[in-house]
2 protein chains.
Amino acid sequence: MGDPFLQKVFTQHIAKGKKAVFCEDFLVSEERIAFYLNQQKLLSVMSLPELQDAHFIGFLLSEGVISSLKDIQKIEIAKDGKSVHLEADIDKKSLSHLFHEKTLTSGCCVGVTGNFEGKMVTQFLDSSTQLTLEDLWDNLKVFETPTPLFAKTGCTHRAMLLLPNRKDFLSAEDIGRHNAIDKVMGKAVLSGMEAEDFRECVLFVTGRLSLEMVIKATMHHVPIVVSKAAATHLAINAAQKSGITLIGFARKEQCNCYTHHARLIAETESLA
Amino acid sequence: MGDPFLQKVFTQHIAKGKKAVFCEDFLVSEERIAFYLNQQKLLSVMSLPELQDAHFIGFLLSEGVISSLKDIQKIEIAKDGKSVHLEADIDKKSLSHLFHEKTLTSGCCVGVTGNFEGKMVTQFLDSSTQLTLEDLWDNLKVFETPTPLFAKTGCTHRAMLLLPNRKDFLSAEDIGRHNAIDKVMGKAVLSGMEAEDFRECVLFVTGRLSLEMVIKATMHHVPIVVSKAAATHLAINAAQKSGITLIGFARKEQCNCYTHHARLIAETESLA
């Protein structure tokens, strides 16, 4: 992968004390993709034109509009890649929530907020899965290795789902941190994984942990979320209430575990 | 500033090969703020509860719903800081665009997309303002200095508007990169600045330059946008069409200038 999602441009590169030079540079592709649900246009997403079907499925699951792959009768990506057409049995109440209360989140997202006061708050993920520190550091190393697309453009977010065996993983990248999560979860569902499997998984993300990330993890039943970046206060409150182990600033063999520490097998020093 | 926007938590800090310790940590406050326009709830934003009035004004300007401070009859932040009530003469067409086509952008934003195919495309900013490299490097140094809130939390975006004299600036920070821009532009408008002034300004941002950033700059008449981060392909296309000088990866006395280079006074080497 890589090339189809790269756009070549000529850029003026300027460094202090040197003459400006024009040079070849690579930018990541960004497309407007339309999502059609049961013959009606639901919304459009600005995203990397890849894994469009997984993206749509992941989005609908994270909004509670569908609850599993079984709800889907048909899914088709248009030949030009710019629209996805899905037919499914849907939860009409969740769908009506979707655009009911318009909230621009800190990631500036309206779409994922349908469940702010919906299902998410009433769910508590009581998964007893655990993650050893060894597995955490090993997989962080994998996750920290730049993808070819990121190496060329510096402009993508990535999400990686570590599977129950703690060896295999699925990965997706996108311009948007929300999109990357939806894509990797959709990819997992398309590969046949179900909610019960996700309860043993760990989600690694590059983006900051704001509230909507915790909502997504809860809706997808993933109990452990690890980010390279910071977490907001509301995200930690929500993770506490919904049983998510939230880990931030995970980089260079360090991390901060904010909630539900018991899932992380670490030797601890007592507070006293 | 700083303290009212910090939330203290106890965090488990883990580093490879060491015992995990619980320590005091600071997180940035995140609140849901409701925006009321002419007695009707317009939308809510998840943001840092500061400069709520500037935020709302900046947002309405960037959407074309109002065109200057003169359109506003009254603005009031509720005592608890959780809602802003604004009365204004509005452009009903721009308002109806606001939620007409639901597009989750790469920053995952629906709100700013009302003008995707609206005013933005038909505007061309032909400002002849320029920026010397000396001013660029000097102000980048200021911009790169962490704010107290960022230093404590690592969780805020910042926007800084460099004024025509190239010495003074206005600054705002928020959890969201879109919010930070709206806040700083609203602050500038509240300080009495108008579109004509903005045509001589430079906007520095910490977030990536996706399409909606270029739309915001265009709607606010700011001809030069400088980011520490990458730009997407669509952002560069839009900047080309709307006359915005787009500068990315501006850090450590280097940058890439993608469009309308003439505004940046740099000695160049010829391509030949």
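Reference entry: report on the structure contained in this document.

Reading the values: rules and limits
Within any chain, residue numbers begin from 1 and follow the written order of that chain's sequence. Written order determines the labels here, with chains lettered from A and ligands numbered from 1. At least 70 in pLDDT is required for a residue's local features to be given in this predicted model, at least 80 for side-chain atom pairs to be given and counted, and no such filter applies to totals for whole chains, interfaces and linings, which use all residues. For the side-chain quantities, the full set of heavy atoms in the structure was used; hydrogens and water were omitted. Note on conventions: DSSP H or I runs of at least 4 residues are helices, E runs of at least 2 residues are strands, and numbering of each starts at the N terminus. Relative accessibility thresholds used throughout: buried, under 20% of the residue-type maximum; exposed, over 50%; partly exposed, between the two (1.4 Å probe, protein chains only). Contacts are assigned to residue pairs with any non-hydrogen atoms lying within 4.5 Å of each other. When the strands point away from the viewer, a crossover counts as right-handed if the path from the first strand over the helix to the second runs clockwise. Any N or O atom pair separated by 3.5 Å or less is treated as a polar contact, with the protein-specific requirement of one donor-capable and one acceptor-capable atom, and with residues adjacent in sequence counted only for side-chain atom pairs. Here, a salt bridge means any Lys or Arg side-chain nitrogen found within 4 Å of an Asp or Glu carboxyl oxygen. For this analysis, a ring pair means two rings from Phe, Tyr or Trp (six-membered ring only for Trp) whose centres lie within 6.5 Å, classed as stacked if their planes differ by under 30 degrees, edge-to-face if by over 60, and tilted for the remaining angles. Cation placement over rings: the criterion is NZ of Lys or CZ of Arg within 6 Å of the ring centroid and within 35° of the ring normal.

## Description of the environment of Ile72 of chain A
Residue and element names in this part refer to chain A. Secondary-structure assignment places Ile72 in strand E5 (residues 72-77). For Ile72, a relative accessible area of 14% gives the class buried. Placed 17 residues apart in sequence, Ile72 and Asp89 show a C-alpha to C-alpha distance of 6.5 Å. Apart from the residues lying within four places of it in its own chain, the contact partners of Ile72 are Ile57, Ile66, Leu86, Glu87 and Ala88.

## Quick notes on the pairing of strand E12 (residues 224-227) of chain A
Residue and element names in this part refer to chain A. By the alternation rule, side chains of E12 split into Ile224 and Val226 and Val225 and Ser227, which are all buried. A crossover links strand E11 (residues 202-205) with its parallel partner E12, the connecting element being helix H8 (residues 211-220), and its sense is right-handed. For the segment spanning E12, helix H9 (residues 233-242) and strand E13 (residues 245-251), crossover handedness is right-handed.

## Observations regarding H8 of chain A
Residues and elements named next belong to chain A. Extensive coverage of H8 is indicated by the burial of ten of its ten residues. Taken together, the buried positions of H8 are occupied by Leu211, Glu212, Met213, Val214, Ile215, Lys216, Ala217, Thr218, Met219 and His220. His221 lies just past H8 and shows a positive phi near 65 degrees.

## Overview of the environment of Gln73 of chain B
All names here are of chain B. Within the fold, Gln73 resides in strand E5 (residues 72-77). What makes Gln73 exposed here is its relative accessible area of 51%. Residues Gln73 and Phe143, 70 residues apart in the sequence, show an inter-C-alpha distance of 34 Å. Sequence-distant contacts of Gln73, defined by excluding residues within four places in its chain, comprise Glu87, Ala88 and Asp89. Among the polar contacts made by the side chain of Gln73, one reaches the side chain of Asp89 at a distance of 3.2 Å.

## Remarks on the pattern of salt bridges
Throughout the structure, instances matching the rule amount to 18 salt bridges over all chains. Between Asp126 of chain A and Arg199 of chain A there is a salt bridge, with the nearest N and O atoms lying 2.8 Å from each other. You can see Asp126 of chain A sitting in the loop between helix H3 (119-122) and strand E8 (131-132) and its partner Arg199 of chain A sitting in the loop between helix H7 (195-198) and E11, a full 73 residues away along the chain. According to the relative accessible area criterion, Asp126 of chain A is exposed, its value standing at 54%. Glu253 of chain A serves as the salt-bridge partner of Lys16 of chain B, at 3.1 Å between the closest nitrogen and oxygen. Note that Lys16 of chain B is positioned in the loop between strand E1 (6-15) and strand E2 (21-28) and Glu253 of chain A in the loop between E13 and strand E14 (254-257), a pairing that runs across two chains. Overall, the relative accessible area of 32% leaves Glu253 of chain A in the partly exposed class. One salt-bridge network, held together by shared partners, links Asp126, Glu196 and Arg199 of chain A.

## Side note on the packing of aromatic side chains
Under the defined criterion, the tally for this structure stands at four aromatic pairs over all chains. Plain terms: the ring middles of Phe35 of chain A and Phe56 of chain A are 4.2 Å apart, the flat faces sit at 15 degrees to each other, and that makes the pair stacked. Taken together, the positions of Phe35 of chain A in strand E3 (residues 31-37) and Phe56 of chain A in helix H1 (residues 52-62) put the pair 21 residues apart, joining distant regions of the chain. The same class applies to Phe35 of chain A as to Phe56 of chain A, namely buried. Here Phe143 of chain B and Phe204 of chain B contribute two aromatic rings whose centre-to-centre distance is 5.7 Å and whose plane-to-plane angle is 45 degrees, an arrangement assigned as tilted. You can see Phe143 of chain B sitting in helix H4 (residues 133-144) and its partner Phe204 of chain B sitting in strand E11 (residues 202-205), a full 61 residues away along the chain. You can call Phe143 of chain B buried: its relative accessible area is 4%. Over the aromatic face of Phe26 of chain B sits the side chain of Lys152 of chain B, whose NZ or CZ is 4.2 Å from the ring centroid.

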